[in-house]
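# Inside the fold
These are the residues of each chain, in order.
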Amino acid sequence: MTAGAPDGLLDALDAYEAALAANDLDALDAAFVDAPGTMRGDDRGLLVGHDAISAFRSARGGVQTRSLTRVEVRPLADGLALVVSVSGFTDGGQGLQTQLWRRDGDTWRIEAAHVTGRPKAFDTTIWRVVGDPLVPASGAGPLDGMTVAVKDLYAVPGHPVGAGNPTFLREAAAETVPAAAVDALLTAGAAIRGIARTDEFAYNLTGRNEHHGTPPNGAVATRLPGGSSSGSASAVRLGTAEIGIGTDTAGSVRVPASYQGLWGLRTTHGSVSRKGLLPLAPSFDTVGWLTRGSDVLLGALDATVPPAATGTDVELLVPAELLDLVEPDTAEAFGTFVTGLDEPVRTVHLADLGIPSLDELRELLRLVQAAEAVAAHGAWIDAHPGALSTVVGDRFAAARANDPTATAEAVARLGTVRATIRTALAGRTLLFPTVPGPAPLVSADTATLERTRTATTAMTSLASVGGLPAVSAPALTVDGAPVGVCLVGEPGTDRALVIRAGRLLRD
């Protein structure tokens, strides 16, 4: 019912719908009240503030073609009106918009909005395929009744591995048996909910994918989800699976765990079979899980790796060099967290432990990972020009351009450096922020993301090069967004790290 609608309101509504149809970002910005209290919410979360809404909209890419099939207006006060409208989409389905409009001089603007989109069979930015379940449990055990989001690198019976790339998916044959790590979860009573999206060939850390879109960050809608285990992380954060199985080569479990406020475990390198897993860089590739709590994380670990009788009270150290890479607000939050702990923590320099510099570790990781990634996928890429997205294509091109001598030296040194790190951490656990700060905004440009990646891989490289277990636990909140704290220990202390992190967080 629009009778009695205040003068100019329906014209403003029509102009807003036209701007949506044209994806006119300037007009859409102007349609909302420019104030820090302006709100917009949908199934992905609540945005507060005109700037936050603008940043989200700039990365959204427009809406499906629609028209308003019903509009109801209720004047609330002079210059204030509630508008509820039904959207009919040209390709089927309908949605609902509830908006609070405020008159600003002669112009009506939206002060608050809630959008209910048309029902989705499933969110294709998170999932490649889902079922009810997709694959049932094959046994019974501690994971009974739980569901798993499987990163699209693992073999799932009856389905091909897609590796985040449509061309690769089209050519891949259906798998007949589950990957070993997936089979362990099925045997323990978990069912596969679906196959979750990944950054192409797991060679990225943002969660962006030009082919199927960016999965939502279930903690903060304006920020990136983190990759390359992005779909698995988003599925768990949004409650559509209890366990996300991912991989961690240079941080691809730890980063999305930190960005979305989840628990994430990178297991000791080689402790979990990688049979049935598409490789990126076998010298660093590890199986890992993402969960909403430490108890489920321990359940996934215990279902896969026999529990080890390892103590949890070894010396806790904060590496000064890692804190130097952290953004100021995150450093402050971490300092407050450490001060509040009930156990002693000592700050040390990695050099005093005999560990090489972070720049050296990051470069060693970069060179060896690049060489192994090209070895694993270079032939396929050569046979499919143009199949990769720009970002991942550029990353593979840069990998090919690395100096062969420097690469050979890095490959030759990896074993020695790994042994050095492991010796240094015997009887010790490192504690530091998982990443430099909160997840980048969805609107961040490529240069910003590359700077973040450089700083992030410097922080994740120690565990990757050392082949060490690392758990990211949701301990910090910075600028309204989660940031994890990371515990890294000697090989085989995976379970002890999760238990200790749970004690520190009183999880």
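Each remark here, short or long, concerns the structure printed above.
Everything numeric in this text was worked out from a predicted model, so none of it was measured.

On to the packing of aromatic side chains. Counted under the stated rule, the structure contains 8 aromatic pairs. When the centroid spacing of 6.4 Å and the interplanar angle of 85° are considered together, the rings of Tyr16 and Trp101 count as edge-to-face. With Tyr16 in helix H1 (residues 9-22) and Trp101 in strand S5 (residues 94-104), this residue pair connects regions lying 85 residues apart in the sequence. Among the residues examined, Trp101 registers a relative accessible area of 0% and is labelled buried. Consider the rings of Phe168 and Trp380, whose centres lie 5.5 Å apart with planes at 65°: the pair is edge-to-face. Of this pair, Phe168 sits in helix H4 (residues 166-171) while Trp380 sits in helix H11 (residues 358-383), and the two are 212 residues apart along the sequence. Trp380 matches Phe168 in its accessibility class, with the two residues each being buried.

To continue, consider empty space enclosed by the protein. Scanning the entire structure with this criterion turns up 4 cavities of 30 Å³ or more. For the largest cavity, the full set of lining residues is Leu205, Thr206, Val255, Tyr259, Pro440, Leu449, Thr452, Arg453 and Thr456. Counting residues per element, the ones that place at least two in the lining of the largest cavity are helix H7 (254-260) and helix H14 (446-466). Broken down by element, the residue count for the lining of the largest cavity peaks at 4 residues, all from H14. Along the lines of polarity and charge, the residues of the lining of the largest cavity split into 5 nonpolar, 3 polar and 1 charged.

Below, the discussion takes up helix H12 (residues 390-400). Of all the positions in H12, only Val392, Arg395, Phe396 and Ala399 are classed as buried. Seen along its axis, H12 keeps its buried residues to an arc of 95°; they face one direction. Looking at the buried positions of H12, the neighbouring elements they touch are H11 and H14.

Quantified by volume, the largest pocket comes out at close to 1,200 Å³. As for the largest pocket, its lining consists of 41 residues, and the residues nearest its centre are Asp42, Arg44, Arg60, Gly62 and Lys120. Going through the elements one at a time, H1, strand S1 (39-42), helix H3 (50-60), S5 and strand S6 (107-116) are the ones with two or more residues in the lining of the largest pocket. In terms of residue class, the lining of the largest pocket is built from 16 nonpolar, 14 polar and 11 charged. Forming the walls of the second largest pocket are 17 residues, and the residues nearest its centre are Arg366, Gln369, Arg395, Glu450 and Arg453. Mapped by element, the contributors of at least two residues to the lining of the second largest pocket are H11, H12 and H14. Of the residues in the lining of the second largest pocket, the class split is 7 nonpolar, 4 polar and 6 charged.

Before going further, it helps to examine the sheet that holds strand S16 (residues 470-478). One open sheet accounts for 11 strands, arranged S7-S9-S8-S10-S12-S11-S16-S17-S15-S13-S14; its pairing is mixed. A single partner strand is all that each edge strand has here, and the edge strands are strand S7 (127-135) and strand S14 (346-348). Strand after strand, the sheet turns through a mean of 25° between neighbouring axes, direction not considered. Where strand S10 (residues 243-247) lies against strand S12 (residues 287-291), 4 bridges are found, and the strand directions are antiparallel. Its bridge partner being in S12, Gly244 is matched across the sheet by Leu290. Relative to S16, helix H10 (residues 328-339) is tilted by about 105°, and along the sheet it contacts strand S13 (315-319), strand S15 (428-433), S16 and strand S17 (481-489).

As for its position among the elements, Gly467 is in the loop between H14 and S16. Between the alpha carbons of Gly467 and Ser271 there is a distance of 9.9 Å; along the sequence they are 196 residues apart. Those residues in contact with Gly467 that sit more than four places away from it in its chain are Arg266, Thr268, His269, Arg418 and Arg422.

Moving on: the packing of H11 against H14. For the pair H11 and H14, the least separation of the axes is 8 Å and the interaxial angle reads 85°. Relative to H14, the element H11 lies roughly perpendicular. Residue-level inspection shows Leu358, Leu361, Arg362, Leu364, Leu365 and Gln369 of H11 in contact with H14, the latter providing Arg453, Thr454, Thr457, Ala458, Ser461, Leu462, Ser464 and Val465. The residue makeup of the contact of H11 with H14, split by class, is 7 nonpolar, 5 polar and 2 charged.

Right, let's get into the sheet that holds S6. What the 6 strands build is an open sheet, ordered S2-S1-S6-S5-S4-S3; its pairing is mixed. The sheet is open, and its two borders are formed by strand S2 (45-48) and strand S3 (66-77), each paired with just one other strand. Here the strands of the sheet are splayed against their neighbours by 20° on average, with no regard to which way each runs. Relative to S3, H1 is tilted by about 140°, and along the sheet it contacts S3, strand S4 (80-89), S5 and S6. Here H3 sits on the sheet in contact with S1 and S2, set at roughly 45° to S1.

Thresholds applied
- Residues numbered from 1 in each chain as written.
- Predicted model: local features only at pLDDT ≥ 70, side-chain atom pairs only at ≥ 80, totals over all residues.
- Heavy atoms only, no water.
- Phe/Tyr/Trp six-rings, centres within 6.5 Å; stacked < 30°, edge-to-face > 60°.
- Helix = DSSP H or I, 4+ residues; strand = E, 2+ residues; numbered from the N terminus.
- Buried < 20%, exposed > 50% of the residue type's maximum accessible area, 1.4 Å probe, protein only.
- 1 Å grid on protein atoms, 1.4 Å probe; cavity = no way out; pocket = protein on both sides within 12 Å on 5 of 7 lines; lining within 4 Å.
- Points joined across faces, edges and corners; volume = space filled by probe spheres on them.
- Nonpolar A, V, L, I, M, F, W, Y, C, P; charged D, E, K, R; others polar.
- Arc of directions from axis to C-beta.
- Contact = heavy atoms within 4.5 Å.
- Pairing = 2+ DSSP bridges.
- Axes fitted to C-alpha atoms, helices over the stretch in contact; angles between N-to-C directions.
- Parallel < 35°, antiparallel > 145°, perpendicular 65-115°, else oblique.

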